[in-house]
Amino acid sequence: MKQRDCDDDRIRKEISFGVNDPKEKRDADKEKFKDRKYMELQSITFQHRNFEIDFGGVCINKDFVKVSYDRTGNILIGMDVLSQMDIHIGKSKILGKTVFIACPYESMNQEYLEALSRHFDI
């Protein structure tokens, strides 16, 4: 898949450095990027448009997502999805344990607000 994205001029490519990447690595990667040696870069991301994912009936739509084929962390994708949601994490007064309740901003409804009230007195 990475090779396909590297070869596709319609897909936008960017360098995404890690916070601990030294200056030498950054400089070398910028040079490889400029020379279009995308397959050699672990720091490259590919922008895919019109992304949609369904979580059990809760649909998340994004204009685009950035994909990295060489990194194993999922934090950035998670933040991309969570940034479109109203989120509450805390100790539920019903269950007595920490719960995560979230709803996409575009799907906010009375049922969600009532669940917040029941669990968190919000």
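Up top is the structure these notes are about.
Rules behind the numbers
- Residues numbered from 1 in each chain as written.
- Predicted model: local features only at pLDDT ≥ 70, side-chain atom pairs only at ≥ 80, totals over all residues.
- Heavy atoms only, no water.
- Helix = DSSP H or I, 4+ residues; strand = E, 2+ residues; numbered from the N terminus.
- Rg over C-alpha atoms; globule rule 2.2 N^0.38 Å.
- Buried < 20%, exposed > 50% of the residue type's maximum accessible area, 1.4 Å probe, protein only.
- Contact = heavy atoms within 4.5 Å.
- Areas by Shrake-Rupley, 256 points an atom, 1.4 Å probe, with all protein chains shown as cover.

Describe the overall build of the protein, naming the residues involved and giving the relevant values.
Within the protein, the regular secondary structure consists of four helices and five strands. Element order for the protein, N to C, with α for helix and β for strand: α-β-α-β-β-α-β-β-α. A globule of 122 residues ought to have a C-alpha radius of gyration of about 14 Å, yet the protein, at 20 Å, is considerably larger. For the protein, the spread of C-alpha atoms along the three principal axes comes to 55 × 30 × 15 Å. The 122 residues of the protein split such that 28% are buried. In the protein, 42% of the contacts between residues at least 6 apart in sequence involve partners at least 24 apart. Here the protein displays about 8700 Å² of accessible surface, and carbon together with sulfur accounts for 52% of that area.

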